[in-house]
Structures are given as structure tokens and as C-alpha cells.
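Residue-level structure breakdown
One letter stands for each residue in the lines below.
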Amino acid sequence: MSAADSKHDNTPDAGPATSAPNAWVVPSITILVLFAVLTAILFFVNRGDIIGLAAPVVVPAIVAALIPQKHGWRVRLPLAIFAGLAVIFVSRMMPAVAVDATDVAEIPKEPKTLLSWLLALPLLGAVAVLFMPRQAHKTLQWTTLGIMLVTLAVSLPLMSITWGRGYHLNQDIPWIESESLHFSIHYHVAIDGISFWLVMLTTFITPIATYASFGSINSRIKDWCFALLLLEGGMLGAFISMDLFLFYVFWEVMLIPMYVMIGVWGGTNRIKSAIKFFLYTMFGSLMMLAAILYLAYTFGKAAPGGMTSFDYFELQRLVLPRHIQIWLFGAFALSFLIKVPMWPVHTWLPDAHTEAPTAGSVILAAVMLKMGTYGYLRFCVGLFPEASGEYGATLAGVAVLGGILYGALCAWKQDDVKRLVAYSSVAHLGYVMLGIFAATQASMEGAVLQMVNHGISTGALFLLVGVVYDRRHTRQLADFGGLAKTMPVYATMFVIATLASIGLPGTNGFVGEFMIITGTFVSNKLGHVAGIQSVGAAIGVILGALYMLTAVQKMFFGPITKSENKHVSDINGRELIAVAPLIIMIFVIGLFPNIFLSGMRDAVSRVASDYSARLEPAPAMNQRYLTGPIVLNPRSSDAPPAYVKPDPAAAKADPAAANGEAKQ
Amino acid sequence: MLLSLFPQNDFSLIAVILGMPLLGAFINGVWGKRLGKDAVRLMALSAIAISFVAALLTVSALYGAATATEAAHGGHAEHVKLSWLAWEWMHTTGGRETNVPIDLKFSVDTLSATMMLVITGVGFLIHLYASSYMEKDKAYWRFFCYLNLFIFSMLLLILGDNLPVLFVGWEGVGLCSYLLIGFWYGKTPNASAGKKAFIANRIGDFGLICAMFLLVHYTGALDWAGIENGAGSLVTTAKNTRIHLWPIGGGEFVGRLAFLQPHHPVTISAATAVGLALLLGCTGKSAQLPLYVWLPDAMAGPTPVSALIHAATMVTAGIYLVCRMSFVFVLSPFVMVLIACIGAATALFAATIALVQNDIKKVLAYSTVSQLGFMFMGVGVGAFTAGFFHVLTHAFFKACLFLGAGSVIHAMHARVHDDEKSQDMRFMGGLRKHMPYTFWTFTFATLAIIGFPLTSGFFSKDEILFRAWVNHPVSPYAERVSTLSKGHLHLYEPPTWIGPTLYFVGLAAATLTAFYMCRLLFLTFFGEFRGWTIGRPSALLGLAQSKHAGGHDAHGADAHDDDDDDHHHQEDLSTPGYAPHESPWQMTVPLMILAALSLFAGFLNPSVFKETLHLENLPLDKWLDPVFDEAAKGSVKVADNAHHIELYLTLGAFAAFAVGSYLAYWMYIQKKGEPAKQLAESAGALYRGALNKWYVDEIYEATIINGTDALADTAASFDQTVVDGIIARLTSLIVAALGTILRTVQNGVVHVYAAVMVVGIAALGFFFVVPHPDAIVTEKNGDYVLEAAPGYGYGYRWFPDATGKPLNEIFNGETKLTLHPQAGKTITAKLEVVNAFGLTRAKEFTVERPADPDKNMKLGQNP
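Bear in mind that the values here come from a model prediction, so they are computed numbers and not experimental data.

Rules used throughout
- Residues numbered from 1 in each chain as written.
- Chains lettered and ligands numbered in written order.
- Predicted model: local features only at pLDDT ≥ 70, side-chain atom pairs only at ≥ 80, totals over all residues.
- Heavy atoms only, no water.
- Helix = DSSP H or I, 4+ residues; strand = E, 2+ residues; numbered from the N terminus.
- Buried < 20%, exposed > 50% of the residue type's maximum accessible area, 1.4 Å probe, protein only.
- Contact = heavy atoms within 4.5 Å.
- Areas by Shrake-Rupley, 256 points an atom, 1.4 Å probe, with all protein chains shown as cover.
- Rg over C-alpha atoms; globule rule 2.2 N^0.38 Å.
- Lys, Arg positive; Asp, Glu negative; His and termini not counted.
- Charge placed at Lys NZ, Arg CZ, Asp CG, Glu CD.
- Disulfide = S-S within 2.5 Å.
- Phe/Tyr/Trp six-rings, centres within 6.5 Å; stacked < 30°, edge-to-face > 60°.
- Domains from an automatic or database assignment.
- Salt bridge = Lys/Arg side-chain N within 4 Å of Asp/Glu carboxyl O.
- Polar contact = N/O pair within 3.5 Å; in protein donor to acceptor, adjacent residues only side chain to side chain.
- Nonpolar A, V, L, I, M, F, W, Y, C, P; charged D, E, K, R; others polar.
- Expected span 1.5 Å × (residues − 1).
- Bend = angle between axes of the 7 residues up to and from the residue.
- Core = buried A, V, L, I, M, F, W, Y, C linked by side-chain atoms within 4.5 Å.
- Pairing = 2+ DSSP bridges.
- 1 Å grid on protein atoms, 1.4 Å probe; cavity = no way out; pocket = protein on both sides within 12 Å on 5 of 7 lines; lining within 4 Å.
- Points joined across faces, edges and corners; volume = space filled by probe spheres on them.
- Axes fitted to C-alpha atoms, helices over the stretch in contact; angles between N-to-C directions.
- Patch = residues over 30% accessible without salt bridge, like charges linked within 9 Å, V, L, I, M, F, W, Y side chains within 5 Å.
- Parallel < 35°, antiparallel > 145°, perpendicular 65-115°, else oblique.
- Left-handed = near helix turned anticlockwise from the far one by under 90°.

This part is about the overall build of chain A. When helices and strands are tallied, chain A shows 25 helices and four strands. Taking all 664 residues of chain A together, 62% fall into the buried category. The long-range fraction of contacts in chain A, counting pairs at least 24 apart against all pairs at least 6 apart in sequence, stands at 81%. Here chain A displays about 24000 Å² of accessible surface, and carbon together with sulfur accounts for 67% of that area.

What follows is the structure, given as C-alpha cells:
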């Protein structure tokens, strides 16, 4: 399907009647001129400067000119802006081939409180929305969207940061503390090259989902806006929290709005699905809470001052014996794997997706599921490396068999489009988990990239399913057929998203899957089975094509069998604006993945090398663990400086010392 | 001069070659509908034309560079490349944790240059042809958008400098093929055929992905030069670096599964594994056994598509890949022989089906499959130039045949307005008189394919058959491996009878080719036009029945009416209708050019005459040799008597042509097809088998497809019932059951509450009345301190030795007892507690001091 299968010309097709002798002169001259211009551009591709300067202007102009006039400027302008932004993004972010030494020396100043702003905006916005009149639908909607766009804008400066191995924008403030009880919880946020892309994904997807929901959510708009903002705040918080207690708070905060969104604005079985979603997630998170408390308590016992800590970097110092580690690992992993979701605790996902409103599905698939994969990568691998190593190979088997293959087979047999996409999520996240379990540089980078990819392509698919649901009020594949004829633009978009989902090279899906599969094969963490697991993951590529193309055929091709499908209107301006950024990103990531990979490379290498450093000294599983009393390692050199209680006198004398290294 | 403008390692002219078709696709796709047909045509044609011109320039630059290097190296031809890096794409991790960069890099060497010329040149001719053929289609712009996109993807495939970039093109052509087969997506069979093609290709792509990760692991590179450098490490002697097939991955079965452990692990070398994986990819793309099934169905697409994608270019990508990676394939003689055998088997198998098909496009489709088999046979015996030469000639004559068939269908369709009947040869005949240009060009192309002496097909097929007999693939590492492993490891060496067998199978296929192609020619162009009968109800009925009885199941549908207008042409059933007419010049000119090429392209490589005419340096041989130089070293043993038997082998090939075509002449011209009918009746089972494609589709349906289907059904219902049933429903059931039980207690009757409260208070009271001796044991420097748990009104009495005397006879407030056991010894102490009611209870505690003072102590255990 070409990008323009679509273009609805109001004039009847140019048959023999309209091709009068002169009818083709003007367009063909235009084409030739364009030819000349573009040939020139092609010639200058290598020089770089022309592309950088002219393309951000030329491309939007072309895009704006190309969009059919049916859509007014209110559609054409945003789309043109998206195109321009995409070009700027690519030309600015493309990693330079050779870096000048002078560039390296100059480290730009980082806005220290940026993360707090990022977090505060949606949360305060949510509170602000509560004080607005319930009847002012438009105001509520646009305020919400405005807040989200500001959040997106606030997150943009992150892109100028040079991500190394370490953490950036570290902010560490005591929150709940008691000297006498040896108890301290901090408000500690920081970001590294891994969470950076997930934060960007969140701030990018949420406004899109929100904007798309304006057409389909017509009741309780105030509550809806509140839930969305709270959800965004919760998700952002979970990605940047470096204090486990704080992380847990945000982990639960984002659960509630989603529960409400499914339960209030969902489909016919919404209550049941919402409760199922809540109970599954809650079961896991309570286990995790217990584990967090035990971990903090254990740290308190081992630490010299006897001070409990929930700080990630402090807890990372703990080396635990096997009988403690496997339980804690189990509790954390259960919580994250439910969220991913991995077989066999995945059945909440199809139900939740089927019943959730479109925007809910988009956010759930695009961001919330990543919480599980991100959590596993950061907390399970980071805090319990030996246990992760011991169970990694087994879990990788589950990811391949239960996720990639079983999920794909289940997806093939679904009658409901949303259920199908939901099961495809199970399969795709199987790839992500496999990449994390394999824990090589490429497979982990692929996994993080695939998290972003899945957010974009599956987000687009859910948005598009929502479009047809709004028109036909059904999601059964059997109720469609031949829609390519009545909804050509829609069909084009859907096919592009489908191709991204099945990992066609040139789209984003391929890069992630390729890196994961090749990275898995060379992994030494999976033992003998690395080869067969790579092969299994590669078979998933065939199955992916099978189920997605079957769905596409049933929806769009063949004759129109149902009379209701004869007069379905094509995708409208609002929906087009919502889905366009995702479609653009599909190609941007597919063609320029290095932009994304270069940001995360060092952070991933840190995770991988820390992990390997703990596993590799002993080849046998049970020898890797600590046998003696609990040991505290020195703080990692990549960790941000530890919190030091400000001494008022010293702070006055030397303000810089407050942030200095802590020597214990 | 060109090289001064575009340096050899930054040859950005490639951007133009690639960019033009992409631009054409983009503009036609986005603007096409508003531009009108003329502009779309102009756009599409000029894009390919510019690309072709750029390709010509590139080839001339390459020639210049090659001659310059040859002169510099003292007359020795070197492998010269012009390359261009677009941008850095991504990277992955190699075997030794090395970073393997994967760039969007393109390169042109003589092999890809030749393919590039074919793609843009033949591509342009087919575009020109299609501009007239598709004239009446409403989605004209969409067609050219896809077609241009196809050319772009195909060029990407050819020009990619590494395997992932090739893979982009590889999947890209698959996508375009999917879109073009399903171009008239309104008809379910077309959409299904497109899907079938895509999925069959995906199975092949799976192989390619596997090959990529194997290569990354073993050679640490994915670009051609890097793979070539690291190819040596694919032939491994060490046990642990070989690929273990059983036990999977090289583990060991122990315990109950020990019976699964084989005596010697089943292993293959990495070279064989990579070769097999790549071969799977090639069989998918090039429609070989067992993955050929999509190609005949793909004829549902418009005929120019069949000519371009499913005959001339895309399906030869598999052979291109084998040629491109020849240095990897030759490392495994097993894979080489397998390629040759697959090729020979496919050539024969497809030819038998082609014998009896009635749909003109189906015959050509099976013929394509069969010819691709010949190419596989060629490259499989290490004759890469010969195999590739057949790719070249096949591109010309098969494109010409398909376009000719399209011209016939075009004419027939104007006459009968029925998709299936306009392709059915039983309604054709005598078209020679009505469409002379089509007839002559078609005849020339037929002569080429059946191997009429001195035509292009004669030279290329003859060379393949000759090489099949005399070439014997061996591993270039055979001796080294055998010495390194001290004779433990023997590399596979193909049996000697394989060469002659391949030759005779090829000969049989060539005979059949001559027969079915002549049958096609005679049925279509000779005799009387049988199409007059269509439209007469009685005749129609009779034919329909006979057709039904034959079980003919043609999916082929070549329609000129867009799917939108479902109106049926009301046929005038009483008059014969218009006579078929010759096609316009846009269609006949490409036919003529291609026919000329089919006749004369053979002189690029007339290897038969190499000896007799003392030809030094055949043009194609010389041009391609540097590419295959590396692979040719020591990988093929040529029979000693090759020169002596060449003439006889050539005579054999000539005999195949003569016998096949004479049989067809006798059957269809002299006897007017009577023997064919008798044969069909007398060998009914065989005939029906061939007509129904030996039921391969049905067998696949019954086994693989239904098997997967059943597996998926099982998975889906397992998910619903078992997984969800146990984890969600069973747990909720347990919780609900517990709730139901507990609810009976919460019944709101105050008496019951009061009674329960009394029981509770009584229990608490009992707890307080009885004393509870307990203590916490802590250790410091070998001192074990027992600290008794506190309680209201408790008094304590300690017994340092459980059996001995207490420290104090009377109970007091002393809550601590310090013990100091010897290392490795245990002490059992006793605590007695008295409470305010005067009741006493005692409990014993055992402390054990470990022998090793460094070890952590065990906590005190209760007796």
C-alpha cells in the first residue's frame, strides 16, 4: 500500500476524457522540476550541509502540498510540522561519524531540576483539572493536551544531553526520614540512556493518545482528563525513580487511573476486565513491596551506620546469598513479568485491551507494558544479578515458547482485532525479554529499542483499530472485508503499521528484532540453548507475518460482503494527525536507528558489564553466589554521588561540597 | 572522467540509480491520482530511464576502473568495486563480543552491475509495455507506484554491500510482489495468492536471518569483504565450535533422558549450517522445491508483473545470492550438491506439470520454476558464471514470453471479456495471422528457451548441462581439515555418480521444456482460432463441463476492468465478435527488443566454441571472473576428460531440443492434438496428477498448514481454558469459596457475635494464663547470649546445662544467660518461666559453635 493509496481526489478519475492534449503538460513540467531539485539534493547527500539546512523547510512544504485539499489547513499544517520536526530530529540527532576533540571537551550544563519539572507538570496539571468546571469540555480537553505538550517540550532538552555510562540530572532530597528509627526514604530521581528513551516515549505517546480520545470519549470528560494526567505523571515517575519506595509509589499511582479508565469508559465487560487487570498487577506489586521492605531492612542491618536505605544505588551494593536472593528476585520478577506480561500470567492483557477505550489501550500497550521490561532490566538484573543469571536461561525459554511462538499462534486465532493485537504484544514483548535475558550488548540495545518500537507500532495499531471501531462499533474480523476500497488512506496506514509490527526491514520493527536475534545467538548467558532460542525467535518472524497479514486480508481485501462497510467514511483529520507522528517515527527509527542506539549504548554496556562481572568469575550456577555473611560492595563508579546530609556550616563555606562525594 | 567526479569509494552516482525509482514511487503514490495517467506514465518511465542511464554510466566507470586496476596489477584481473556509504545504520555484537557495524552501504562490482543493467533495462521495457497494457485500469497510478518501488527494492537487493541491506531489498521485493499479486485486491483469490507468496518468502527469510546470526557469530562481519575474510573460520575442526544438531546446542542428556544421548553428537560445520540457512532463503525467493508453490499462484497479478518480478528479476535473487556468497557456499560441498540436486529436481518436477497446463500463464510460470532449477543446478556444481549466464538469458527470453503472453491475453480479453478464458489456450489458436509481431517475437523467445542452436538459451543451458557432468564440488579445506583433526573429521565429498545423474535429469527436463514450449506455441498461434466458440451457449456449456471434469483450478485472473466496476459485460451471444487484434507499439517494441536479445545474447558467452574456435576470454567470463575468483580456488574438481566429452554432451542437449520439439510438432500440428487426448485418457492418473500439480498444494494444506492451524487452535483454546482457567478462574473460585464459608459467620445475628467474642476472650485468657518460655540467641566472639522473651509478671530460672542444676533456685528477673561453648561443641541450656499465677513452663535451647571460627553460626534451634 503506498502512502497515498489514499488520496481522495474529488474529481472523477482521469479517464480518457480528461486527458486532453494539454492536461499533462503542467504536471509533467512540475515533475521534471522536482526531479531536478531532488537530483540535486541526492547529489549533495554526502555534503550534509544542504540536507541540514534546506530539508526541514522543503519537506514540510512538500508534505503540506501533497495532502489532499479535502483536509483544510488545520490538518495540513500539523502534518507539515510533524514532517519538519522529523527531519530536524534526524539531522540534528544523527550521531556524527567522527567527533571533534573540541566538541568533547565542552560539556553542556544540565538543567538540574528538569526531571522534577517533568514529573510535576502532569501531576499538578491533574490537580488543576479538578478545579475546572465539569461542563467546559473543550477547555478541559485542550488544557489537558496543552499540559501534555508542555511536558513533551520540557522533555526535549533531554535530547541535548551526552549520555555516557552514568546517570544524569540526579536529584536526591530526603522525603520521609527518622534518625531514631534508622529509616530514610528519599525523593531521588535520575535518568540514564535507557530510561531516557522510555521517558521520551511516554511524553510522546500520551498526548497522541489523548488527542485521539477527544473524538471517542464523550462522557465524564473531566474525570478522563484527570486520569490521563495522573497516569502520565505516574509513568514518568516510575521511569525516573531511583528510590525503590518512590518507585513503588509511582508504580501503584499509574495503576489506579488505568483501572478507572478501563472500568468507566471501557466496553461491555469493562468491570470484569478492570478488576482482572488490577488484581493481577496488584498481586505482583505486593510481592514486590514485601521484597523492597526486606531489602531495605537487610541493607540497614549490613550498613555501618545501621541506616535503612531504599536508594537504588545503595541497595545495588548488597551482595546477597542464594537463599535470600532467589526469593527477592522471585518477588520482583513476578511483579515485572506480570506487567510485561509473560506466559503464563499474560491473560489479563487481552481482556484489558479488548475492553479498554482506545486511548487506554494505546497507553497500556505503548508505555505501561514497558514498565515491566524496564523494571526487570533495571531492578532484577541490577539488584540480583546472580539470581537473574541462574533463571535467565529458563525464563528465556519461556519468553520464546510462551511469548514469541505461543503468543503468535494465539494471535492468529483471534476473531477480535484488539485481542489479536494484544496477543501480538505478548509475542513482541517476548523478543524484548529474550534480549534482556541474553544480556549481550546488541541484544540489550535491541531490547530497549524494541520497547520503543513496540510502543510506536502497536500504539499505531491500537489507534487505528479505534478508528474503525468508532465507525462500525465492532472489532470482529468477520464484520469487515474489502475496507481498502472504502477507506484507502486508513488501509494504507494500517498496512504500514502492520509491516512495522511484522518487522519488515526499513521499518522500526526489523532493527529491534534483528539486534535481539543476532545478539541472542552470541550470548553466553543462555548456555547451550542460545542457538535454539535464536532459531525460535526467528521462527516468530514467520508467524508474525502469518497472523498480521491474515488480519489485514480479512479486514481490507476481498469483496465487500457487508452492506455496512460500503459507506464507511475514511480516516478523518483528527485521526490522521494523531496517527501521523507514529507513522513518521516508524520510518525514522527504521532508517536511522543509530540515533537511538548511540544514546543508550554506554548505559546498556554498563548494565551488561556489571551483570557479566558478577556472573563470569564462576562458571557453575551455584558457585556464583555469596556463601558468607552479606557483603556491601563499594558504590558503583557509574552511580551519581551519594546523598550527604548537608552540614549547615560547611554548606555556607563551600556550596559545592554539599553535592560532593560521600566517604563512608 | 566519471571516476574523478565520483571517487571509487564514494561513488554517489549509486544514489541516483537508487533514488530515481524511489522518487517515482513516491510521487506516483502520493500524487498519482491527481496527476492523471499521462503524467504518471511519464514519471514512472522517466524514473527508470534515468536510472538505466545512470546504471550505464556506472558500468562504464566500473569498466574503466577494472581495466585500470588490471593494468596496474600486470594484467591480472582484480575484484573491483565502486562503493558508496549512505549512512551508518546500526550495529550488532559478534562472536567475541566485538562490535559489528552495519551500514547502509552500497557497492557495484561486475556481478551486481550486470544484474543492475538487466533490472533497469528490462525493467524499463516492461514499464513501457505496462503503460499500454494497464491503460484501462483505474488504479494506474497505484500500479506504477508499486512497480517503481519494486525496481527500487530490487536495486537495493543487488547493490547492498552487506547482508542486512540485501535483506532490506529482499523483503522489499517480497512486499512489492505481495502488493502486486494482490493488485486487484477486490478478488479474494488474488489477495490470498499475495499472502501465500509473502508467507512462503518469509519462511525463506527465516533462513536468511539464521544465516545472518551464524555469520555474525563465526565471521564477525556481515559485509561481503568481511565475510570473505572471515570465511575460513566457518570451517571448524574443534568440536565445540561446530553446530550441534543433537543434542540441541551441545548439551548432554542425563538422568531419565539419558537414552536420548547419542554415541557421538550429531554436528555440522558452521559453513554447512550457513549454507543450508542461506539455501532455505534462496529456495523461497527463487521458487525451488519445496517452497516453489507460491510462484504459480502469483500469476494472479497483472501480466507485466509476472514478466518483471516473477520471471526476469526477483525470482533470480536466490541465484544472485548464491553467486554473491559463493565463497561461503563452496566451503560446504554438501550444500553445493544439495543446491544442484534441488535445482535438477525442481527443473524436472516443474516441467512435468507444465506439460499439461492449459492456462498460458501457468505454463510459463512452471517453466520459470523449471528454468530457475537449471540455474540452481549450474551454481550448485560450482559453475557460477554458467548459472548466472542463464539468469541473464532467461531474463530476456522469459520476459519476452510473458509479455507476448500478455499481448495474447490482451487481445483475447478484448474478444471474450473473461479473465480465465482469455488465458486458456484451448480457446486460442491461429493467432499467428491476427498478431504477427507478437507471434514472431514469441517464436524467437521460444526458440531461445528450448535451446535452438546459437540462440541465447542454447549457450547458457548447454553450459550448465556440461558443467553438471564434469564439475565435482570438493571442499577447499578438505586436506587442511583432515590433517588438523588427524583424520578424525572427514569432510563430505559427493559421490562420483552425481554429475552424470544431474546431467541426465537436466536433459530430461530440457526435453520436456522443448515439448511444452512448442505445445504452447502451437496451441496459441497455429491452427484455427478456437475462441469463436466462446459466447455460444452450447459450446460454452460443453467446455465448462469438460473443464470441470478436468478439475482445472486456475486462480489466474488477468483483468483489465478494475475491481470497482463489477458490471458484467453483456456479451452478444449470437455473433462471433471481433477478431483478436495486434497490440499497440508500446507493447510490441519491448517484445522486439527482448526477442532480439533472446536470440543474440548467447554470444556473450559462447563457451561451446571456446575450444573449437580458439576463443580466448569470453566476454562474460572475463567480466565476472574476478567475482568468483575467490570461490573457484580449489573448490571444484573438473573431470579430466572434460574437453573430450564436451561435444557429446552438447549433442545430447541438442537431441533434447530436437526430440522435444519434434514430438510437439507431431502431436499438435501433424495430428492436431489427437495423440495428446489419447495419452491423457490412457494414462488418466498421471495426467490428472500433473494437471493438479501433483497435489503438492493439497499435501501442504493437509500437513503443514493444517498442522500449524491445529497447533494454533490448541494454543488459543489452551490459553482460554487452562492458563486463564487455572490462574484467573481457579484462584478466584478458591477465594470466592473461602468468602462464602466465612460469610456464614458474618450473618448479623448478635448472639452469634457475642458467642464468638466469648470464645475469643477465653482463648486470650488461656494464652495469658500459660507462661511462654522463649529466647533469642545472639553470638559475639564465641559468646552465645540467650535473651528470654519478656512477659508480664514473669520470673526466669536458667539451667546452663539442661539436665543439670539451675543457676538460681528461685525465679528472678534475670533475662540473660551467656554461654561459651568450645569450638565444634554444642551446649543445651534450659529456661524455665513462672508467671503471676504460679504456673511454670520450660524450654530447651541448643547452641552449636561451628568448628571453623570464620563460619557464620547457626541459629539456636528448639529441641
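Assigned secondary structure in chain B consists of 30 helices and twelve strands. A globule of 863 residues ought to have a C-alpha radius of gyration of about 29 Å, yet chain B, at 39 Å, is considerably larger. Judged by the C-alpha coordinates and their principal axes, chain B covers about 130 × 80 × 60 Å. Within chain B, the fraction of its 863 residues that count as buried is 57%. Counting only carbon and sulfur atoms, one obtains 64% of the accessible surface of chain B, whose full area is about 34900 Å². Positive and negative side-chain charges in chain B, numbering 57 and 67 respectively, have mean positions lying 4 Å apart.

By the definition in use, this model includes zero disulfides over all chains. Counting only cysteine sulfurs, Cys400(B) is the nearest neighbor of Cys518(B), a cysteine outside any disulfide, at a range of 15 Å.

The next thing to look at is the packing of aromatic side chains. Under the definition given, this model contains 66 aromatic pairs over all chains. Between Tyr376(A) and Phe437(A) the ring centres are 5.2 Å apart and the planes differ by 85°, which places this aromatic pair in the edge-to-face class. Taken together, the residues Tyr376(A) in helix α15 (residues 358–383) and Phe437(A) in helix α17 (residues 417–438) connect sequence positions 61 residues apart. Of the two residues, Tyr376(A) and Phe437(A), neither departs from the other in class, the shared state being buried. Ring centres of Phe384(B) and Phe628(B) lie 5.3 Å apart, and the angle between their planes is 25°; on these two criteria the pair is classed as stacked. Here Phe628(B) lies in helix α25 (residues 619–632) and Phe384(B) lies in helix α16 (residues 384–416), a separation of 244 residues in the sequence.

This part is about the environment of Leu499(A). The topology assignment puts Leu499(A) in helix α20 (residues 488–501). As for Leu499(A) and Thr358(A), which are separated by 141 residues in sequence, their C-alpha atoms are 21 Å apart. Setting aside residues no more than four positions away along its own chain, Leu499(A) makes contact with Leu504(A), Thr507(A) and Leu175(B).

Take the domain arrangement of chain B next. Segmentation of chain B into domains returns domain 1 (695–745) and domain 2 (767–856). The C-alpha centroid of domain 2 of chain B is placed 57 Å from the C-alpha centroid of domain 1 of chain B.

Between chain A and chain B, the contact holds 89 residues from the first and 90 residues from the second. With its nearest N and O atoms 2.8 Å apart, the salt bridge here joins Lys276(A) to Asp724(B). The interface formed by chain A and chain B holds 20 residue pairs in polar contact (both at pLDDT 80 or more) in total. No other element matches helix α22 (residues 530–556) of chain A, which puts 14 residues into the side of chain A that touches chain B. Class assignment of the residues belonging to the side of chain A that touches chain B gives a composition of 58 nonpolar, 21 polar and ten charged.

Right, let's get into helix α2 (residues 13–35) of chain B. Residues and elements named next belong to chain B. Its 23 residues place the ends of α2 only 28 Å apart at the C-alpha level, less than the 33 Å of an ideal helix rising 1.5 Å per residue. Of all bends in α2, the biggest is about 50°, found at Gly29. The element α2 is extensively covered by neighbouring structure, given that 19 of its 23 residues are classed as buried. Just beyond α2, the residue with positive phi is Gly36, at close to 90°.

Our next topic: unusual backbone geometry. Looking along the chain, the bond that leaves Trp343(A) and enters Pro344(A) is cis, with omega of 0°. With respect to the helices and strands, Pro344(A) occurs in the loop between α13 (322–339) and α14 (348–355). The omega angle of the peptide bond from Leu289(B) to Pro290(B) is 0°, so this bond is cis rather than trans. Residue Trp694(B) is not a glycine yet carries a positive backbone phi of 55°.

It is worth spelling out the nonpolar core at this point. Ranked by size, the top nonpolar core spans 464 residues in total, and within it Leu158(A), Phe332(A) and Tyr376(A) carry the most contacts. Counting residues per element, this core draws most heavily on α16(B), which supplies 18 residues. Here Phe332(A) is in contact with Leu244(A), Met288(A), Ala291(A), Ile292(A), Leu295(A), Phe379(A), Cys380(A) and Phe384(A), once residues within four sequence places are set aside. Formed by 23 residues, the second largest nonpolar core is a distinct cluster that contains Val381(B), Tyr503(B), Leu507(B) and Ile645(B).

Under the criterion given, the structure shown has 29 salt bridges over all chains. Put simply, Asp223(A) and Arg134(A) hold a salt bridge, and the shortest N to O gap is 2.9 Å. You can see Asp223(A) sitting in helix α8 (residues 221–240) and its partner Arg134(A) sitting in the loop between α5 (114–130) and α6 (137–155), a full 89 residues away along the chain. Residue Asp724(B) pairs with Arg729(B) through a salt bridge whose shortest N-O separation is 3.5 Å. Take Asp724(B): its relative accessible area is 7%, and that puts it in the buried class. The exposure class of Arg729(B) is partly exposed, given its relative accessible area of 45%.

Taking the largest bend as the criterion, helix α16 (residues 385–412) of chain A deviates by roughly 50°, centred on Gly392(A). Judged by how many residues are buried, α16(A) sits mostly within the fold: 23 of 28 residues are covered.

Moving on, we get to the pairing of strand β11 (residues 826–834) of chain B. Residue and element names in this part refer to chain B. Both strand β9 (residues 795–799) and β11 contribute to a ladder of five bridges, which runs antiparallel. Of the residues in β11, the one forming a bridge with Phe799 is Lys830. The pairing of β11 with strand β12 (residues 840–848) spans nine bridges and is classified as antiparallel. What sits directly across from Glu832, in β12, is Ala842. What sits between β11 and β12 in their antiparallel hairpin is a turn of five residues, with Gly838 showing a positive phi close to 80°.

Another point: empty space enclosed by the protein. Residue and element names in this part refer to chain A. Tallied over the entire structure, the rule returns eleven cavities of 30 Å³ or more. Roughly 90 Å³ of internal volume is contained in the largest cavity. Every element with two or more residues in the lining of the largest cavity is listed here: α7 (193–216), α18 (441–472) and α23 (573–591). It is α18 that provides the largest number of residues to the lining of the largest cavity, a total of five residues. A breakdown of the residues in the lining of the largest cavity according to their chemical character gives six nonpolar, three polar and three charged.

Each strand in a sheet pairs with its neighbour through backbone hydrogen bonds, running either in the same direction (parallel) or in the opposite one (antiparallel). Residues and elements named next belong to chain B. Reading across the sheet, the three strands line up as β9-β11-β12 and stay open at both edges, with antiparallel pairing between neighbours. Strands at the two margins of the open sheet, each flanked by one partner only, are β9 and β12. With strand direction ignored, the average angle separating the axes of adjacent strands in the sheet is 20°.

Time to look at a nonpolar patch on the surface. A surface patch of nonpolar side chains, amounting to about 720 Å² of accessible area, comprises Phe718(B), Val722(B), Ile726(B), Leu730(B), Leu733(B), Ile734(B), Leu738(B) and Ile741(B). Position of Leu730(B) relative to the elements: it lies in helix α29 (residues 696–745).

So, about the side chain of Arg624(A). Residues and elements named next belong to chain A. You can see Arg624 is positioned in the loop between α24 (593–615) and β4 (631–632). Buried and unpaired, Arg624 has Glu390 as its nearest opposite-charge partner, separated by 7.5 Å. A polar side-chain atom of Arg624 sits 3.2 Å from the main-chain carbonyl oxygen of Leu615.

Next up on the list: the packing of α16(A) against α22(A). All names here are of chain A. At a closest axis distance of 8 Å, the pairing of α16 and α22 adopts a crossing angle of 20°. Overall, the two elements α16 and α22 adopt an arrangement that is roughly parallel. The way α16 lies across α22 gives a crossing that is left-handed. Contacts between α16 and α22 involve Ala393, Ala396, Gly397, Val400, Ile404, Leu405, Ala408, Leu409, Ala411 and Trp412 on the former and, on the latter, Gln533, Gly536, Ala537, Ile539, Gly540, Leu543, Leu546, Tyr547 and Thr550. Here the contact of α16 with α22 is built from residues that sort into 14 nonpolar, five polar and no charged.

Another aspect to go through is the sheet that holds strand β8 (residues 783–788) of chain B. All names here are of chain B. Spatially, β7-β8-β10 is the arrangement adopted by the three strands of the open sheet, whose pairing is antiparallel. Edge positions in the sheet fall to β7 (775–780) and β10 (816–819), since each of these pairs with one other strand and no more. Each strand axis lies, on average, 20° off the axis of its neighbour in the sheet, ignoring direction. When β8 meets β10, the two strands line up antiparallel, connected through four bridges. The residue bridging Glu787 from the neighbouring strand is Lys816, located in β10.

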